[in-house]
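Each chain, letter by letter, is given below.
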Amino acid sequence: MARFFIDRPIFAWVIALFIMVIGGVSITQLPIAQYPNVAPPSIVINAAYPGASAQTLEDSVISVIEREMNGSPGLVYMESSSTANGSGSITLTFETGTNPELAQVDVQNRLSRAAPRLPAAVNQQGVRVDKVRANFLLFTILSSDDPKWDPIALGDYASRTVLPEIQRIKGVGTAQLFGTERAMRVWIDPAKLVGFRLSPGDVNNAIRSQNAQVASGTIGELPLAKGQEITATVVVTGQLSTVEQFGNIVLRANPDGSTVRLKDVARIEIGGQAYGTSARLNGKPSTGIGVQLAPSGNALETARLVKERMNELSKFFPAGMKATVPFDSSKFIDISIEQVLHTLVEALVLVFLVMYLFLQNFRYTIIPTIVVPVALLGSLGTLLALGYSINVLTMFGMVLVIGIVVD
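Predicted model, so just to flag it, every value in this text is computed and none were measured.

The rules behind the values
- Residues numbered from 1 in each chain as written.
- Predicted model: local features only at pLDDT ≥ 70, side-chain atom pairs only at ≥ 80, totals over all residues.
- Heavy atoms only, no water.
- Helix = DSSP H or I, 4+ residues; strand = E, 2+ residues; numbered from the N terminus.
- Rg over C-alpha atoms; globule rule 2.2 N^0.38 Å.
- Buried < 20%, exposed > 50% of the residue type's maximum accessible area, 1.4 Å probe, protein only.
- Contact = heavy atoms within 4.5 Å.
- Areas by Shrake-Rupley, 256 points an atom, 1.4 Å probe, with all protein chains shown as cover.
- Lys, Arg positive; Asp, Glu negative; His and termini not counted.
- Charge placed at Lys NZ, Arg CZ, Asp CG, Glu CD.
- Polar contact = N/O pair within 3.5 Å; in protein donor to acceptor, adjacent residues only side chain to side chain.
- Pairing = 2+ DSSP bridges.
- Axes fitted to C-alpha atoms, helices over the stretch in contact; angles between N-to-C directions.
- Parallel < 35°, antiparallel > 145°, perpendicular 65-115°, else oblique.
- Left-handed = near helix turned anticlockwise from the far one by under 90°.
- Phe/Tyr/Trp six-rings, centres within 6.5 Å; stacked < 30°, edge-to-face > 60°.
- Expected span 1.5 Å × (residues − 1).
- Arc of directions from axis to C-beta.
- Core = buried A, V, L, I, M, F, W, Y, C linked by side-chain atoms within 4.5 Å.
- pLDDT = per-residue confidence, 0-100.

Enquirer: Before we go on, may I ask you to explain the overall build of the protein in this structure?
Expert: A tally of helices and strands in the protein yields 14 helices and 15 strands. The globule rule puts the C-alpha radius of gyration for 407 residues at 22 Å, and the 31 Å found for the protein is more than 25% above it. Overall, the protein is about 115 × 60 × 50 Å in size when its C-alpha atoms are taken along their principal axes. With 407 residues in all, the protein has 34% of them scored as buried. For the protein, the proportion of contacts with a sequence separation of at least 24, taken over those separated by at least 6, is 75%. Accessible surface, the protein as shown: approximately 24,100 Å² in total, 59% of it carbon and sulfur. The positive charge centre, built from 32 side chains, and the negative charge centre, built from 32, are 2 Å apart in the protein.

Enquirer: Explain the environment of Asn-361 to me, please; I cannot follow it from the model alone.
Expert: The topology assignment puts Asn-361 in the loop between helix H12 (330-359) and helix H13 (362-386). On the accessibility criterion, Asn-361 (27% relative accessible area) is partly exposed. Each C-alpha atom of the pair Asn-361 and Ala-274 lies 75 Å from the other, and the pair is 87 residues apart in sequence. Only 2.9 Å separates the side chain of Asn-361 from the backbone nitrogen of Arg-363, close enough to count as a polar contact. At 3.1 Å, the side chain of Asn-361 and the backbone nitrogen of Tyr-364 are in polar contact.

Enquirer: Can you help me understand the side chain of Asp-328 in this one?
Expert: Position of Asp-328 among the secondary structure elements: in strand S15 (residues 321-328). Among the polar contacts listed, one links the side chain of Asp-328 to the side chain of Ser-330, at a separation of 2.6 Å. The residues contacting Asp-328, other than those within four sequence positions of it, are Leu-137, Leu-138, Ala-303 and Lys-307.

Enquirer: Quick question: what am I supposed to make of the pairing of strand S10 (residues 250-253) here?
Expert: Of the strand pairs in this sheet, S10 and strand S11 (residues 259-261) are connected by three bridges, and their pairing is antiparallel. Bridging from a neighbouring strand, Arg-252 pairs with Val-260 of S11. The hairpin formed by S10 and S11 contains five residues between the paired strands, and Gly-257 there has a positive phi angle of roughly 95°.

Enquirer: Even after reading the chapter, I still don't get unusual backbone geometry, so can you show me in this structure?
Expert: With the exception of glycine, most residues fall at negative phi, and the peptide bonds are largely trans. Even without being a glycine, Arg-197 presents a positive backbone phi close to 55°. Mapped onto the secondary structure, Arg-197 falls in the loop between helix H7 (190-195) and helix H8 (200-210). Owing to a relative accessible area of 76%, Arg-197 belongs among the exposed residues under this scheme. Here the phi dihedral of Gln-360 falls at roughly 55°; this positive angle occurs in a residue that is not glycine.

Enquirer: Help me understand the packing of helix H11 (residues 299-314) against H12, please; the structure alone is not making it clear to me.
Expert: Helix packing for two helices is described by the angle between their axes and how far apart those axes are. H12 packs onto H11 with a crossing angle of 135° between their chain directions and a minimal axis gap of 9 Å. With respect to H12, the element H11 is oriented oblique. Judged by the twist between their axes, the crossing of H11 over H12 is left-handed. Judged by residue contacts, Ala-299, Leu-300, Ala-303 and Lys-307 of H11 engage Ser-330, Lys-331, Ile-333 and Asp-334 from H12.

Enquirer: Looking at this structure, how should I read the sheet that holds strand S2 (residues 75-82)?
Expert: Strand pairing in a sheet is mediated by backbone hydrogen bonds. Such pairs are either parallel or antiparallel. Read from one edge of the open sheet, four strands run S2-S3-S1-S4, paired in antiparallel fashion. Taken across any chain shown, the strands that pair with only one partner, and hence form the sheet edges, are S2 and strand S4 (128-130). On average, each strand axis in the sheet is tilted by 15° relative to the strand beside it, whichever way the strands run. Those strands touched by helix H3 (residues 54-69) are strand S1 (42-48), S2 and strand S3 (87-94), and its axis lies near 165° from that of S2.

Enquirer: Sorry, what's going on with the packing of aromatic side chains here?
Expert: Taken as a whole, this structure holds nine aromatic pairs when the rule is applied. When the ring of Tyr-157 is compared with that of Phe-317, the centres are 6.0 Å apart and the planes differ by 80°; the resulting orientation is edge-to-face. Of this pair, Tyr-157 sits in helix H6 (residues 151-167) while Phe-317 sits in the loop between H11 and S15, and the two are 160 residues apart along the sequence. Following the ring pairs from residue to residue traces out a cluster consisting of Phe-136, Phe-139, Phe-178 and Phe-327.

Enquirer: What am I meant to see in H11 here?
Expert: One full turn of an α-helix is made of 3.6 residues, so residues set three or four places apart face in the same direction. The end-to-end C-alpha distance of H11, which contains 16 residues, comes to 22 Å, matching closely the 22 Å that a straight helix rising 1.5 Å per residue would cover. Within the sequence span of H11, burial applies to Ala-299, Thr-302, Ala-303, Val-306, Met-310 and Leu-313. Considered in projection along H11, the buried side chains sweep an arc of 100° and stay on one side of the axis. Tucked into the core, H11 has its buried residues touching strand S5 (136-144), H6, strand S6 (172-178), strand S14 (284-293), S15 and H12.

Enquirer: Teacher, can you tell me more about the nonpolar core here?
Expert: Among soluble globular proteins, nonpolar side chains are generally buried collectively. Among the nonpolar cores identified, the biggest contains 45 residues, and Val-162, Ile-289, Met-310 and Phe-317 are the most heavily contacted of them. Of all the secondary-structure elements, those providing two or more residues to this core are S5, H6, S6, S14, H11, H12, H13 and helix H14 (392-406). Ignoring anything within four residues of it in the chain, the contact list for Ile-289 reads Leu-138, Phe-139, Thr-140, Ala-158, Val-162, Leu-163, Ile-166, Ala-175, Gln-176 and Leu-177. Counting residues in hydrophobic clusters, the runner-up holds 19 residues, among them Ile-43, Ile-65, Ala-103 and Val-122.

Enquirer: Looking at this structure, how should I read the confidence of the model for the protein?
Expert: The predicted structure's coordinates, where accompanied by low pLDDT, should not be read in detail. Residues of the protein with pLDDT of at least 70 account for 98%, and the chain-wide mean is 85. No element of the protein has a lower mean pLDDT than H14, which averages 76, and none a higher one than helix H10 (residues 262-265), which averages 92.

Here it is in structure tokens:
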């Protein structure tokens, strides 16, 4: 084989250039991480049951979903957790080598079979199925010097304006809001409720029936009656939007014409949707967004895209509001890869010097020195074909291989 390429140097150069082109293209396609993704793929199911205790959530939601997940192809084990604020999660871990895309589709299909047996409030909130890495890539924090931007206002702004933009970035598996949106809160006074001989169920039914968007239809729709000249769409204000409108919800109409309204038994205000999560930056209330990387995402590229997008959005922030990134794991990845690259360059230089010292001929030295980058670029193409990533271990392996190639 050696004689074949020695007699055909042009053919050997063409193969070498072909290998270098493949390696150069592979560099732009390979994901970058600090360590290889050796953990088996996992799918996370998140469900919310507002107002339910951890035991109620476990019995009526988590256990129902778990029974349907049994038998999923490649499923090794599952882990679930339920919290007192009505939120729970199930982490499904599959065998190494399982395609996460196909696993997510199978989980979604099995979840649809469990949906009819879940409480209506859970289906209304929605059950999320995500394929993400367990650790957080970075956290971005929104804070403001203006007192009117309290944590609830910051959380509402982040949820409506910033969070959707981050979720659309390439490589982002999920973006989690560590804060709360605005919501209409009804604080019931139990003493007043008992005094009017009402129950919380009566309040829920009244709000549900009188705060609904309905299709009101049209006037003069086809087929038209003889002499009909007007066609109009009927617009009815169905869903309520202000505190006064909610306060006027009728809970009970008495025979004497008097009514019991929601404002008679409850305090109504626009507050936070939930109060179980809060974030602080330098001791000041703020709102955080945690970004988790997708299984096939590039950590360095995703972190860079998130920061660039936040810089673009910050130009349109209200006065006094700013965004910071107090935690960014991609910095450690960048430093680790940079140190390994320095070691790689130093190894190439040492190889050249040692070979020149013993061979005492520049031509004889330059030939094996050129072989080293060709072999390394070919290794990058092989890494891409086998589904590996550029990480500390693969780069360290390349450093060791330099000596083997020279030998």
